[in-house]
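Here is how the chains run, residue by residue.
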Amino acid sequence: MQAFLNYVRRKKSLLTEKTGAVKKARNVLFILGALNLLVSIIAATVDNENKYIYLITGIIAASVYFSLGLWSRKNPFAAILSGFIVFIVSMVINAIGDPNTIYQGLIWKIAIIAAFVYGYKGARDSDKIAAELKQMKEAKDFTTENDLSGMQSGEL
Amino acid sequence: MICPECNQENYNGARFCSKCGNEMNAAVATIPDENKGLSRTITFFLVLLAYVMILHFIGPVKNYKQSLLIDVLFASIVLIFFALNFRKTIELFKLPKKSPGVFAAIIVGAPFFGLIIFFLSGFLNGYLFGTVDEPHYRLFANSPSPILFTIISVGVFPAVFEEIACRGIMFNNLEKIAGVWPTIILTAIIFTMLHLSLLSALWIFPVGILFGMLRARYNTLWYGIIGHFLYNSSIVFFEILL
């Protein structure tokens, strides 16, 4: 019984950790959206000749990230994986324009990619763990008080 | 994992049965199919992205032979991953049940949408970048049959292999993890991103959603392939005619 309780506690702790990773990835999506918008506005102000290009691309990019951030509340796995793909492709597009951008902000880029990877893996795992815990909670054999000895109130 | 005591089905890797609490022997945790599927999808996407990136660094294509070589390379990459996911993907080549309405909508809708995009992209390129799109068929002017080669390169190859890649292989793998609608959106995003153009995303993304819906609804790639072919080919014809 104790081993089972430890197992449940471990699963709950894992669920908290995975949910945290999802939240971090969601925050990264919103931050990237805001940054894209800000940078495009600044670039449009500085370079008057190409301001419409900067504004349109900035608004499109920001809309994509904000939409993914909002979507991640409902479907975190798909939204965070999409954010990861969009981010990687935006880096590629920048690198094609200017290969030096590959090295610029490299540590931040690695951190963002790591947040996305942990995020979508966390999203996928948290769904499974939550479903497993729910299945355990609904198990018919654990209904008498005797069986629940050692378990704190509301543990399952 | 099936519990040996009560035959309850449990999650892969579960240490205790969720019904009777029996401690299950630590069965060798095999990586579930969906983990393999996700890894393969991401690897596939990154390989395609690397391919597209290398093409951009090499520079613009100069003649029809180079263009066809690039198409064959792309097709080869897709076919390798198709072979790795053969069983699930080949099922999507079954002919769909007769749906004359859907078929008619694709035959009429695809060229019509192509016409809209032909004018829209021309306008945006001219207004924003001050450039004019180079017609596709110019590259094939020295080929034995310029229009045929253009249609093969611009219409057939992308239609077949992009559909196999996005709505075939990736769709199959992601659907198991994310569900149908998130997969439709996700594959549309991948499809859009692989074109490496934020502006083109305005029309490529809705097309990706539509083809994803057709794939999910009818469980076949044929509608997507035909629609994609008609859309791309119609743009070639509009370039010639207009």
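Since the structure is predicted, the reported quantities are computational estimates derived from the model, not experimental observations. (Residues numbered from 1 in each chain as written. Chains lettered and ligands numbered in written order. Predicted model: local features only at pLDDT ≥ 70, side-chain atom pairs only at ≥ 80, totals over all residues. Heavy atoms only, no water.)

Remarks on the overall build of chain B
Formally: Elements are defined by DSSP. Helices are runs of H or I of four residues or more, strands are runs of E of two residues or more, and each kind is numbered from the N terminus. Burial status follows relative accessibility: with a 1.4 Å probe on protein chains alone, a residue under 20% of its type maximum counts as buried, one over 50% as exposed, and anything between as partly exposed. The contact criterion used throughout is that any non-hydrogen atoms of two residues lie within 4.5 Å. Working definition of accessibility: Shrake-Rupley area with a 1.4 Å probe, residue cover restricted to the visible protein chains.
Counting its secondary structure elements, chain B contains 8 helices and 0 strands. Element order for chain B, N to C, with α for helix and β for strand: α-α-α-α-α-α-α-α. With respect to the three principal axes, the spread of C-alpha positions in chain B is 75 × 45 × 35 Å. In chain B, which comprises 242 residues, the share counted as buried stands at 46%. Within chain B, contacts between residues separated by at least 24 positions form 67% of all contacts whose residues are at least 6 apart in sequence. Summed over its atoms, the accessible surface of chain B is roughly 12600 Å², and 67% of this surface lies on carbon and sulfur atoms.

Focus on the interface of chain A and chain B
Short version of the rule: Accessible area, probed at 1.4 Å, shrinks when two parts are joined; the buried area is that loss added up over both. Any Lys or Arg side-chain nitrogen found within 4 Å of a carboxyl oxygen on Asp or Glu counts as a salt bridge. Any pair of N or O atoms that falls within 3.5 Å is considered a polar contact. Within protein, one atom must be able to donate a hydrogen and the other to accept it, and sequence-neighbouring residues count only if both atoms are side-chain atoms.
With 37 residues of chain A at the contact, the number on the chain B side is 38 residues. At the boundary of chain A with chain B, total buried surface from both sides reaches about 3400 Å², with 79% on carbon and sulfur atoms. Contact with chain B buries area across many residues of chain A, yet A:Ile85, A:Ile96 and A:Arg124 alone supply 15% of it, more than any other trio. Inspection of the chain A/chain B interface yields 0 salt bridges. At the boundary of chain A with chain B, the tally comes to 0 residue pairs in polar contact (both at pLDDT 80 or more). The set of elements that each furnish at least two residues to the side of chain A that touches chain B consists of α1 (2-46), α2 (51-71), α3 (76-97) and α4 (106-137) of chain A. If one sorts the elements of the side of chain A that touches chain B by residue count, α3(A) sits on top with 13 residues.

Here we look at the pattern of salt bridges
Applying the stated criterion to the full structure yields 4 salt bridges over all chains. In this structure, the salt-bridge partner of A:Arg124 is A:Asp125, at a minimum N-O distance of 3.4 Å. Judged on exposure class, the residue A:Arg124 and its partner A:Asp125 are both buried. Note that B:Arg167 and B:Glu163 form a salt bridge whose closest N and O atoms lie 2.7 Å from each other. With B:Arg167 and B:Glu163 both in helix α5 (residues 146-178) and 4 residues apart, the pair spans about one turn of that helix. In this pair, the class of B:Arg167 matches that of B:Glu163, namely buried. Via salt bridges that share partners, A:Lys18, A:Arg124 and A:Asp125 belong to a single interconnected network.

What about a nonpolar patch on the surface?
All names here are of chain B. Short version of the rule: Residues enter a patch when their relative accessible area is above 30% and they make no salt bridge; the linking distance is 9 Å between like charges and 5 Å between nonpolar side chains (Val, Leu, Ile, Met, Phe, Trp, Tyr).
Together, Phe119, Ile147, Phe237, Ile240, Leu241 and Leu242 make up an exposed nonpolar region whose accessible area comes to about 610 Å². Here the nonpolar patch takes 3 residues from helix α8 (residues 222-241), the largest share from any one element. Considering the arrangement of structural elements, one finds Leu242 in the segment after α8.

Some thoughts on the packing of α5(B) against helix α6 (residues 180-193) of chain B
All names here are of chain B. In plain terms, the rule: Axis definition: a line fit to C-alpha positions, over the contact stretch in the case of helices; interaxial angles, taken between N-to-C directions, run 0 to 180 degrees. A clockwise turn of the near helix away from the far one marks a right-handed crossing, whereas an anticlockwise turn of less than a right angle marks a left-handed crossing. Classification used: nonpolar for Ala, Val, Leu, Ile, Met, Phe, Trp, Tyr, Cys and Pro, charged for Asp, Glu, Lys and Arg, polar for all others including Gly.
The contact between α5 and α6 brings their axes to 9 Å, and the two run at 145°. At the point where α5 passes α6, the crossing takes the right-handed sense. Where α5 approaches α6, its residues Glu162, Cys166, Arg167, Met170, Phe171, Leu174, Glu175 and Ala178 are matched on the opposing element by Val180, Pro182, Thr183, Ile184, Leu186, Thr187, Ile190 and Phe191. Here the residues of the contact of α5 with α6 are counted per class, giving 11 nonpolar, 2 polar and 3 charged.

Observations concerning the domain arrangement of chain B
Which entries qualify depends on this criterion: These domain limits were set by an automatic method or by a database of domain assignments.
Looking at chain B, the domain boundaries give domain 1 (1-32) and domain 2 (34-241). Centre-to-centre separation of domain 1 of chain B and domain 2 of chain B, based on C-alpha positions: 43 Å.

What to know about the environment of B:Leu124
Mapping B:Leu124 onto the fold places it in helix α4 (residues 100-129). Taking the C-alpha atoms as reference, B:Leu124 lies 8.7 Å from B:Leu199; in sequence the two are 75 residues apart.

Topic: helix α2 (residues 64-84) of chain B
Residue and element names in this part refer to chain B. Selection rule: Each residue after the first adds 1.5 Å to the expected span of a helix.
Look at α2: 31 Å from first C-alpha to last across 21 residues, which is about the 30 Å you get at 1.5 Å a residue. The complete set of buried residues in α2 reads Tyr64, Ser67, Leu68, Ile70, Asp71, Phe74, Ala75, Ile77, Val78, Phe81 and Phe82. Near the N-terminus of α2, the side chain that reaches the backbone nitrogen of Lys65, with its oxygen 3.1 Å away, is that of Asn63.

Some remarks on empty space enclosed by the protein
Rolling a probe over the atoms, with the probe sized like a water molecule, indicates the empty space that remains. Defined as follows: A 1.4 Å probe that fits into a set of points on a 1 Å grid over the protein atoms alone but cannot get out defines a cavity; an open set with protein on both sides within 12 Å along at least five of seven lines defines a pocket, and lining residues are those with an atom within 4 Å of a point. Grid points are joined across faces, edges and corners, and a volume is the space filled by probe spheres set on the points.
Applying the stated criterion across every chain, the model contains 1 cavity of 30 Å³ or more. Lining the largest cavity are A:Leu81, A:Phe84, A:Ile85, B:Thr41, B:Ile42, B:Phe45 and B:Ile190. Contributions of two or more residues to the lining of the largest cavity are made by α3 of chain A together with α1 (33-58) of chain B. Looking at the lining of the largest cavity, its residues break down into 6 nonpolar, 1 polar and no charged.

As for the side chain of B:Asn85
Residue and element names in this part refer to chain B. Along the chain, Asn85 falls in the loop between α2 and α3 (86-90). There is a polar contact of 2.7 Å between the side chain of Asn85 and the backbone oxygen of Phe81. Other than its neighbours up to four places away in sequence, Asn85 contacts Arg40, Ile169 and Asn173.

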